[in-house]
Amino acid sequence: MTAGQVAEAFDLGTPTGELVLVQHTVSRTWRMTTSAGRFLVKELWPDEDPPWADELVRTRELEERAAAAGIRTPRPVPPPTQAYGWTSRVAGRGAYRVTEWVEHRKVSAADDLTDWLGRTLAVLHSLELYAGDAGDLEPFYYVHPAGRWHEWAARARRQGRPWATTFDERLDGYLHQTERLRTTYSAIGDHVLTHRDIVPFNVLMTPTGPVLTDWDVIGPDSASLETGFAAVTFAFRDPRSVRHTLASYAAHGGTLVGALGENLFAHKLGSELGLLAVLVDTVVTGTSLTGWMTRYADADEGVVQSMEEVAAAEHRLRRLAADLGVGARLGS
(Lines give C-alpha, C1' and ligand atoms only; values in the text may rest on other atoms or scores of the structure.)
Protein backbone atom coordinates (compact mmCIF):
# COMPACT_ATOMS: atom_id res chain seq x y z
CA MET A 1 0.00 0.00 0.00
CA THR A 2 1.31 3.46 -0.92
CA ALA A 3 0.56 7.01 0.19
CA GLY A 4 -0.77 7.69 -3.30
CA GLN A 5 -3.29 4.86 -3.04
CA VAL A 6 -4.54 6.11 0.35
CA ALA A 7 -4.75 9.70 -0.91
CA GLU A 8 -6.77 8.56 -3.91
CA ALA A 9 -9.17 6.47 -1.79
CA PHE A 10 -9.86 9.40 0.56
CA ASP A 11 -9.51 12.28 -1.92
CA LEU A 12 -6.62 13.85 0.00
CA GLY A 13 -4.68 15.54 -2.76
CA THR A 14 -1.07 14.77 -3.63
CA PRO A 15 1.23 13.03 -1.10
CA THR A 16 4.45 14.89 -0.25
CA GLY A 17 6.16 11.72 0.98
CA GLU A 18 5.58 8.06 1.77
CA LEU A 19 3.62 6.58 4.64
CA VAL A 20 5.45 6.72 7.98
CA LEU A 21 4.70 3.78 10.30
CA VAL A 22 3.50 5.03 13.69
CA GLN A 23 2.42 1.82 15.39
CA HIS A 24 2.35 -1.88 14.65
CA THR A 25 1.03 -3.77 17.67
CA VAL A 26 -2.63 -4.69 17.18
CA SER A 27 -3.38 -2.54 14.13
CA ARG A 28 -0.96 -0.79 11.80
CA THR A 29 -1.16 2.99 11.66
CA TRP A 30 0.78 5.51 9.58
CA ARG A 31 1.27 9.25 9.41
CA MET A 32 0.74 10.71 5.97
CA THR A 33 1.34 14.22 4.63
CA THR A 34 -0.32 15.47 1.46
CA SER A 35 -1.14 18.76 -0.19
CA ALA A 36 -4.34 18.75 1.90
CA GLY A 37 -2.61 18.39 5.31
CA ARG A 38 -1.36 15.75 7.75
CA PHE A 39 -3.35 12.62 8.52
CA LEU A 40 -3.36 9.37 10.49
CA VAL A 41 -4.12 6.24 8.48
CA LYS A 42 -5.34 3.13 10.32
CA GLU A 43 -5.62 -0.36 8.88
CA LEU A 44 -8.62 -2.16 10.35
CA TRP A 45 -7.96 -5.25 8.23
CA PRO A 46 -5.82 -5.79 5.12
CA ASP A 47 -7.76 -8.39 3.14
CA GLU A 48 -11.07 -10.27 3.56
CA ASP A 49 -13.90 -8.64 5.53
CA PRO A 50 -14.39 -10.16 9.02
CA PRO A 51 -17.87 -11.26 10.15
CA TRP A 52 -18.20 -8.19 12.39
CA ALA A 53 -17.50 -5.63 9.63
CA ASP A 54 -21.10 -4.31 9.61
CA GLU A 55 -20.72 -3.28 13.26
CA LEU A 56 -18.52 -0.38 12.15
CA VAL A 57 -21.66 1.44 11.02
CA ARG A 58 -22.89 1.45 14.63
CA THR A 59 -19.40 2.41 15.75
CA ARG A 60 -19.43 5.49 13.53
CA GLU A 61 -22.87 6.53 14.78
CA LEU A 62 -21.93 6.31 18.46
CA GLU A 63 -18.64 8.12 17.89
CA GLU A 64 -20.54 10.95 16.18
CA ARG A 65 -22.93 11.20 19.12
CA ALA A 66 -20.04 11.21 21.59
CA ALA A 67 -18.37 14.05 19.71
CA ALA A 68 -21.64 15.99 19.62
CA ALA A 69 -21.91 15.52 23.41
CA GLY A 70 -18.55 17.20 23.91
CA ILE A 71 -16.04 14.35 23.92
CA ARG A 72 -13.10 15.44 21.79
CA THR A 73 -12.13 12.92 19.11
CA PRO A 74 -9.78 13.10 16.10
CA ARG A 75 -11.68 14.55 13.17
CA PRO A 76 -12.52 11.75 10.71
CA VAL A 77 -12.04 12.02 6.96
CA PRO A 78 -15.17 10.58 5.27
CA PRO A 79 -14.13 8.70 2.13
CA PRO A 80 -15.92 9.31 -1.18
CA THR A 81 -16.70 5.59 -1.34
CA GLN A 82 -17.39 3.98 2.03
CA ALA A 83 -16.89 0.34 2.89
CA TYR A 84 -18.14 0.26 6.51
CA GLY A 85 -18.60 3.28 8.74
CA TRP A 86 -15.81 5.73 7.94
CA THR A 87 -13.64 3.09 6.24
CA SER A 88 -12.73 2.67 2.60
CA ARG A 89 -10.91 0.11 0.49
CA VAL A 90 -7.40 1.07 -0.54
CA ALA A 91 -6.34 -0.29 -3.92
CA GLY A 92 -9.50 -2.42 -3.77
CA ARG A 93 -8.54 -4.27 -0.58
CA GLY A 94 -9.18 -4.32 3.17
CA ALA A 95 -10.66 -1.50 5.23
CA TYR A 96 -8.80 1.67 6.19
CA ARG A 97 -9.74 4.75 8.15
CA VAL A 98 -8.22 8.24 8.03
CA THR A 99 -8.42 11.01 10.63
CA GLU A 100 -6.76 14.39 10.74
CA TRP A 101 -3.39 14.28 12.46
CA VAL A 102 -3.41 15.58 16.04
CA GLU A 103 -0.21 17.08 17.42
CA HIS A 104 0.15 15.55 20.84
CA ARG A 105 2.23 13.92 23.50
CA LYS A 106 1.59 10.75 25.49
CA VAL A 107 -0.21 10.64 28.82
CA SER A 108 2.14 10.46 31.79
CA ALA A 109 1.75 9.83 35.52
CA ALA A 110 2.13 13.60 36.04
CA ASP A 111 -1.13 14.32 34.17
CA ASP A 112 -4.19 14.74 36.38
CA LEU A 113 -6.98 13.46 34.13
CA THR A 114 -9.36 12.47 36.92
CA ASP A 115 -12.04 15.08 36.21
CA TRP A 116 -11.81 14.60 32.45
CA LEU A 117 -11.95 10.81 32.79
CA GLY A 118 -14.94 10.79 35.13
CA ARG A 119 -16.83 13.27 32.95
CA THR A 120 -15.98 11.41 29.73
CA LEU A 121 -17.14 8.07 31.13
CA ALA A 122 -20.36 9.59 32.49
CA VAL A 123 -21.18 11.18 29.13
CA LEU A 124 -20.41 7.98 27.23
CA HIS A 125 -22.55 5.87 29.52
CA SER A 126 -25.51 8.21 29.10
CA LEU A 127 -25.65 7.80 25.31
CA GLU A 128 -27.20 4.37 24.82
CA LEU A 129 -28.28 1.57 27.14
CA TYR A 130 -27.70 -1.93 25.83
CA ALA A 131 -30.56 -4.28 26.62
CA GLY A 132 -29.60 -7.19 24.36
CA ASP A 133 -27.15 -10.05 24.76
CA ALA A 134 -24.05 -8.58 26.42
CA GLY A 135 -21.87 -10.41 23.91
CA ASP A 136 -18.74 -12.51 24.00
CA LEU A 137 -16.61 -11.77 27.05
CA GLU A 138 -13.41 -13.28 25.72
CA PRO A 139 -12.01 -10.42 23.60
CA PHE A 140 -12.38 -7.70 26.24
CA TYR A 141 -12.66 -9.49 29.57
CA TYR A 142 -10.21 -12.27 28.76
CA VAL A 143 -12.53 -15.04 29.93
CA HIS A 144 -11.40 -18.41 28.59
CA PRO A 145 -13.16 -21.77 29.04
CA ALA A 146 -11.87 -23.96 31.86
CA GLY A 147 -10.89 -26.63 29.33
CA ARG A 148 -8.49 -24.25 27.63
CA TRP A 149 -6.72 -23.48 30.90
CA HIS A 150 -6.42 -27.20 31.66
CA GLU A 151 -5.01 -27.84 28.19
CA TRP A 152 -2.38 -25.13 28.67
CA ALA A 153 -1.41 -26.72 31.99
CA ALA A 154 -1.17 -30.19 30.41
CA ARG A 155 0.99 -28.93 27.56
CA ALA A 156 3.27 -27.12 29.98
CA ARG A 157 3.78 -30.35 31.98
CA ARG A 158 4.47 -32.39 28.84
CA GLN A 159 6.95 -29.82 27.60
CA GLY A 160 8.71 -29.64 30.96
CA ARG A 161 8.22 -25.89 31.28
CA PRO A 162 9.99 -24.52 34.37
CA TRP A 163 6.79 -22.78 35.48
CA ALA A 164 4.46 -25.78 34.98
CA THR A 165 4.27 -26.75 38.68
CA THR A 166 3.50 -23.22 39.84
CA PHE A 167 0.91 -22.86 37.09
CA ASP A 168 -0.76 -26.09 38.27
CA GLU A 169 -0.80 -24.83 41.85
CA ARG A 170 -2.49 -21.58 40.84
CA LEU A 171 -4.83 -23.03 38.21
CA ASP A 172 -7.88 -23.32 40.48
CA GLY A 173 -7.42 -19.67 41.42
CA TYR A 174 -7.30 -18.61 37.78
CA LEU A 175 -10.45 -20.60 37.03
CA HIS A 176 -12.22 -19.10 40.04
CA GLN A 177 -11.25 -15.59 38.95
CA THR A 178 -12.52 -16.07 35.41
CA GLU A 179 -15.80 -17.60 36.55
CA ARG A 180 -16.34 -14.78 39.02
CA LEU A 181 -15.69 -12.27 36.25
CA ARG A 182 -18.17 -14.00 33.95
CA THR A 183 -20.95 -14.06 36.52
CA THR A 184 -20.29 -10.49 37.68
CA TYR A 185 -20.44 -9.14 34.13
CA SER A 186 -23.54 -11.11 33.19
CA ALA A 187 -25.51 -10.21 36.32
CA ILE A 188 -24.53 -6.57 36.75
CA GLY A 189 -27.38 -5.13 34.65
CA ASP A 190 -25.84 -1.80 33.60
CA HIS A 191 -24.69 -2.63 30.09
CA VAL A 192 -24.25 0.26 27.67
CA LEU A 193 -22.72 0.82 24.26
CA THR A 194 -19.36 2.41 24.92
CA HIS A 195 -15.76 2.86 23.82
CA ARG A 196 -14.41 -0.29 25.58
CA ASP A 197 -10.73 0.68 25.30
CA ILE A 198 -10.23 3.81 27.41
CA VAL A 199 -6.55 3.45 28.31
CA PRO A 200 -3.70 6.00 28.42
CA PHE A 201 -2.26 5.14 25.00
CA ASN A 202 -5.64 5.93 23.42
CA VAL A 203 -5.61 9.47 24.82
CA LEU A 204 -3.70 12.23 23.01
CA MET A 205 -2.54 15.10 25.19
CA THR A 206 -2.82 18.43 23.35
CA PRO A 207 -2.37 22.07 24.48
CA THR A 208 -6.16 22.40 24.57
CA GLY A 209 -6.90 19.18 26.43
CA PRO A 210 -7.19 15.41 26.00
CA VAL A 211 -8.45 13.80 22.79
CA LEU A 212 -9.89 10.28 22.94
CA THR A 213 -8.98 8.13 19.96
CA ASP A 214 -9.30 4.51 18.72
CA TRP A 215 -13.09 4.17 18.56
CA ASP A 216 -13.16 1.06 16.38
CA VAL A 217 -14.02 -1.45 19.12
CA ILE A 218 -17.22 0.20 20.36
CA GLY A 219 -19.62 -2.35 21.79
CA PRO A 220 -21.48 -3.47 24.93
CA ASP A 221 -19.86 -3.22 28.33
CA SER A 222 -20.83 -2.70 31.95
CA ALA A 223 -20.73 0.99 32.80
CA SER A 224 -19.54 0.23 36.33
CA LEU A 225 -16.83 -2.22 35.32
CA GLU A 226 -15.53 0.01 32.55
CA THR A 227 -15.37 2.89 35.04
CA GLY A 228 -13.49 0.80 37.60
CA PHE A 229 -11.06 -0.40 34.95
CA ALA A 230 -10.38 3.06 33.54
CA ALA A 231 -10.05 4.68 36.98
CA VAL A 232 -7.37 2.18 38.02
CA THR A 233 -5.58 2.17 34.67
CA PHE A 234 -5.16 5.95 34.57
CA ALA A 235 -4.24 6.18 38.27
CA PHE A 236 -0.68 4.84 37.87
CA ARG A 237 -1.23 3.10 41.25
CA ASP A 238 -2.28 6.25 43.11
CA PRO A 239 -5.42 5.48 45.18
CA ARG A 240 -6.25 9.20 45.43
CA SER A 241 -6.53 9.37 41.66
CA VAL A 242 -9.00 6.46 41.63
CA ARG A 243 -11.08 8.18 44.31
CA HIS A 244 -11.10 11.47 42.38
CA THR A 245 -12.12 9.76 39.13
CA LEU A 246 -15.01 7.95 40.79
CA ALA A 247 -16.11 11.20 42.45
CA SER A 248 -15.98 12.99 39.09
CA TYR A 249 -18.02 10.20 37.49
CA ALA A 250 -20.73 10.62 40.13
CA ALA A 251 -20.62 14.43 39.94
CA HIS A 252 -21.29 14.29 36.19
CA GLY A 253 -24.25 11.94 36.51
CA GLY A 254 -22.60 8.52 36.40
CA THR A 255 -24.00 5.80 38.65
CA LEU A 256 -22.09 2.75 39.87
CA VAL A 257 -23.92 -0.45 40.73
CA GLY A 258 -23.96 -0.81 44.51
CA ALA A 259 -22.40 -3.55 46.63
CA LEU A 260 -19.86 -4.57 44.00
CA GLY A 261 -17.02 -4.54 46.48
CA GLU A 262 -13.74 -5.44 44.86
CA ASN A 263 -15.64 -6.61 41.81
CA LEU A 264 -15.65 -2.96 40.74
CA PHE A 265 -12.09 -3.65 39.59
CA ALA A 266 -12.83 -7.07 38.08
CA HIS A 267 -12.02 -5.95 34.54
CA LYS A 268 -8.60 -4.71 35.63
CA LEU A 269 -7.75 -8.04 37.23
CA GLY A 270 -9.16 -9.76 34.16
CA SER A 271 -6.82 -7.77 31.93
CA GLU A 272 -3.80 -8.95 33.94
CA LEU A 273 -5.09 -12.51 33.78
CA GLY A 274 -5.66 -12.09 30.05
CA LEU A 275 -2.06 -11.09 29.44
CA LEU A 276 -0.96 -14.25 31.24
CA ALA A 277 -3.36 -16.39 29.18
CA VAL A 278 -2.13 -14.96 25.87
CA LEU A 279 1.50 -15.42 26.85
CA VAL A 280 1.00 -18.99 28.07
CA ASP A 281 -0.89 -19.94 24.91
CA THR A 282 1.86 -18.41 22.77
CA VAL A 283 4.61 -20.30 24.62
CA VAL A 284 3.02 -23.76 24.74
CA THR A 285 1.95 -23.60 21.08
CA GLY A 286 5.43 -22.55 19.95
CA THR A 287 4.22 -19.30 18.43
CA SER A 288 6.67 -16.41 18.04
CA LEU A 289 6.37 -13.59 20.55
CA THR A 290 4.96 -10.42 18.99
CA GLY A 291 3.80 -6.97 20.12
CA TRP A 292 3.90 -6.39 23.87
CA MET A 293 5.23 -9.93 24.50
CA THR A 294 8.58 -9.03 22.98
CA ARG A 295 9.42 -7.14 26.18
CA TYR A 296 10.36 -10.54 27.62
CA ALA A 297 13.82 -11.67 26.52
CA ASP A 298 12.99 -15.23 27.60
CA ALA A 299 9.45 -16.52 27.03
CA ASP A 300 9.41 -18.90 30.02
CA GLU A 301 10.70 -16.18 32.32
CA GLY A 302 7.97 -13.97 30.90
CA VAL A 303 5.32 -16.44 32.05
CA VAL A 304 6.86 -16.53 35.53
CA GLN A 305 6.82 -12.74 35.70
CA SER A 306 3.26 -12.60 34.38
CA MET A 307 2.02 -15.03 37.04
CA GLU A 308 3.59 -12.82 39.70
CA GLU A 309 1.98 -9.75 38.12
CA VAL A 310 -1.46 -11.39 38.35
CA ALA A 311 -0.89 -12.21 42.04
CA ALA A 312 0.37 -8.69 42.74
CA ALA A 313 -2.60 -7.12 40.92
CA GLU A 314 -5.07 -9.19 42.94
CA HIS A 315 -3.43 -8.08 46.19
CA ARG A 316 -3.18 -4.45 45.06
CA LEU A 317 -6.83 -4.26 43.98
CA ARG A 318 -8.01 -5.89 47.20
CA ARG A 319 -6.07 -3.28 49.18
CA LEU A 320 -7.40 -0.48 46.97
CA ALA A 321 -10.97 -1.62 47.55
CA ALA A 322 -10.33 -1.57 51.29
CA ASP A 323 -8.77 1.91 51.12
CA LEU A 324 -11.76 3.21 49.17
CA GLY A 325 -14.24 1.41 51.37
CA VAL A 326 -15.89 -0.45 48.51
CA GLY A 327 -16.21 -3.77 50.28
CA ALA A 328 -15.53 -7.45 50.09
CA ARG A 329 -12.93 -9.46 48.28
CA LEU A 330 -13.13 -10.09 44.57
CA GLY A 331 -13.49 -13.81 44.07
CA SER A 332 -14.84 -14.40 47.57
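As the structure is a prediction and not an experimental result, all values here were calculated from the model.

Brief notes about the environment of Thr290
Relative to the helices and strands, Thr290 resides in the loop between helix H9 (266-284) and helix H10 (299-324). Relative accessible area serves as the criterion here: at 49%, Thr290 is assigned to the partly exposed category. Sequence separation between Thr290 and Val26 is 264 residues, and the spatial gap between their C-alpha atoms is 9.7 Å.

Points about the pairing of strand E2 (residues 28-34)
Strand direction decides the pairing type here: E2 and strand E3 (residues 37-45), joined by six bridges, are antiparallel. Bridge pairing links Thr34 to Gly37 in E3. Connecting the antiparallel pair E2 and E3 is a turn made up of two residues.

Remarks on the packing of helix H7 (residues 223-233) against helix H8 (residues 239-251)
Direction vectors running N to C along H7 and H8 enclose 145°, while the axes themselves pass 9 Å from each other. In the crossing of H7 with H8, the sense of the turn from one axis to the other is right-handed. Between H7 and H8, the residues in contact are Ala223, Thr227, Ala231 and Val232 and Val242, Thr245, Leu246 and Tyr249, respectively. Among the residues forming the contact of H7 with H8, the class breakdown is six nonpolar, two polar and no charged.

A look at the pattern of salt bridges
Tallied over the full model, the rule gives 21 salt bridges. In this structure, Arg89 and Asp49 form a salt bridge, with 2.7 Å as the shortest nitrogen-oxygen distance. Linking Arg89 in strand E4 (residues 88-90) with Asp49 in the loop between E3 and helix H2 (55-68), this pair joins segments that are 40 residues apart in sequence. The class for Asp49 is partly exposed, based on a relative accessible area of 31%. Salt bridges sharing common partners tie together Lys42, Glu63, Arg97, Asp214 and Asp216.

Quick look at the side chain of Asn202
With respect to the secondary-structure elements, Asn202 resides in the loop between strand E6 (191-194) and strand E7 (203-206). In terms of polar contacts, Asn202 uses its side chain to reach the backbone carbonyl oxygen of Asp197, at 2.8 Å. Other than its neighbours up to four places away in sequence, Asn202 contacts His195, Asp197, Val211, Leu212, Thr213 and Asp214.

Some details on unusual backbone geometry
The phi torsion of most residues other than glycine is negative, and most of the peptide bonds are trans. Phi angles above zero are rare outside glycine, and Ala91 is one such case at about 55°. Assignment of secondary structure puts Ala91 in the loop between E4 and strand E5 (93-100). What makes Ala91 exposed here is its relative accessible area of 53%. Within the chain, Arg237 stands out as a residue other than glycine whose phi angle is a positive 65°.

A look at the packing of H9 against H10
In the contact formed by H9 and H10, the axes pass within 9 Å of each other and the chain directions differ by 165°. The angle between the axes of H9 and H10 places the two elements in the roughly antiparallel class. Between H9 and H10 lies a crossing of left-handed hand. Contact residues: Lys268, Leu269, Glu272, Leu273, Leu275, Leu276, Leu279, Val280 and Val283 in H9; Ala299, Asp300, Gly302, Val303, Ser306, Met307, Glu309, Val310, Ala313, Glu314 and Leu317 in H10. Across the contact of H9 with H10, the residue classes tally to 13 nonpolar, two polar and five charged.

Considering the packing of aromatic side chains
With the rule as written, the count across this model stands at eight aromatic pairs. Taken together, a centroid distance of 5.3 Å and an interplanar angle of 90° make the contact between Trp45 and Trp52 edge-to-face. By relative accessible area, Trp52 is classed as partly exposed at 39%. Above the plane of the ring of Trp101 lies Arg31, whose end atom (NZ or CZ) is 5.3 Å from the centre.

A short note on the nonpolar core
In terms of nonpolar packing, the biggest core is built from 23 residues, with Leu113, Leu117, Leu124, Ile198, Val203, Leu212 and Trp215 touching the most fellow members. Looking at this core, the elements that each hand over two or more residues are H2, helix H3 (114-125), E6, E7 and H7. Here this core gets five residues from one element, more than from any other, and that element is H3. Once residues lying within four places of it in the same chain are set aside, the contact partners of Val203 are Val107, Leu113, Trp116, Pro210, Val211, Leu212, Thr213 and Phe234. Trp149, Ala277, Val280 and Tyr296 belong to the second-largest nonpolar core, a separate cluster that totals 22 residues.

Considering the environment of His191
Its place among the elements puts His191 in strand E6. Given a relative accessible area of 11%, His191 falls into the buried group. Measuring from C-alpha to C-alpha, the distance between His191 and Gly132 comes to 8.8 Å, with 59 residues separating the pair along the chain. At 2.9 Å, the side chain of His191 forms a polar contact with the backbone oxygen of Tyr185.

Regarding H7
Within H7, 11 of the 11 residues are buried, which leaves the element mostly enclosed by the surrounding structure. Backbone nitrogen of Ser224 and a side-chain oxygen of the N-cap are separated by 3.3 Å at the start of H7; the cap is Ser222.

Quick look at the confidence of the model for the protein
On average, the protein scores 91 in pLDDT, and the residues at 70 or more come to 95%. Considering each helix and strand of the protein separately, the mean pLDDT is smallest for helix H4 (residues 138-141), with a value of 66, and largest for H3, with 98. Low confidence marks residues 327-332, where pLDDT is under 50. Its contacts with residues over four positions away, or in another chain, come to 16 contacts.

Calculation notes
Residues numbered from 1 in each chain as written. Predicted model: local features only at pLDDT ≥ 70, side-chain atom pairs only at ≥ 80, totals over all residues. Heavy atoms only, no water. Helix = DSSP H or I, 4+ residues; strand = E, 2+ residues; numbered from the N terminus. Buried < 20%, exposed > 50% of the residue type's maximum accessible area, 1.4 Å probe, protein only. Pairing = 2+ DSSP bridges. Axes fitted to C-alpha atoms, helices over the stretch in contact; angles between N-to-C directions. Left-handed = near helix turned anticlockwise from the far one by under 90°. Contact = heavy atoms within 4.5 Å. Nonpolar A, V, L, I, M, F, W, Y, C, P; charged D, E, K, R; others polar. Salt bridge = Lys/Arg side-chain N within 4 Å of Asp/Glu carboxyl O. Polar contact = N/O pair within 3.5 Å; in protein donor to acceptor, adjacent residues only side chain to side chain. Parallel < 35°, antiparallel > 145°, perpendicular 65-115°, else oblique. Phe/Tyr/Trp six-rings, centres within 6.5 Å; stacked < 30°, edge-to-face > 60°. Lys NZ or Arg CZ within 6 Å of the ring centre and 35° of its normal. Core = buried A, V, L, I, M, F, W, Y, C linked by side-chain atoms within 4.5 Å. pLDDT = per-residue confidence, 0-100.

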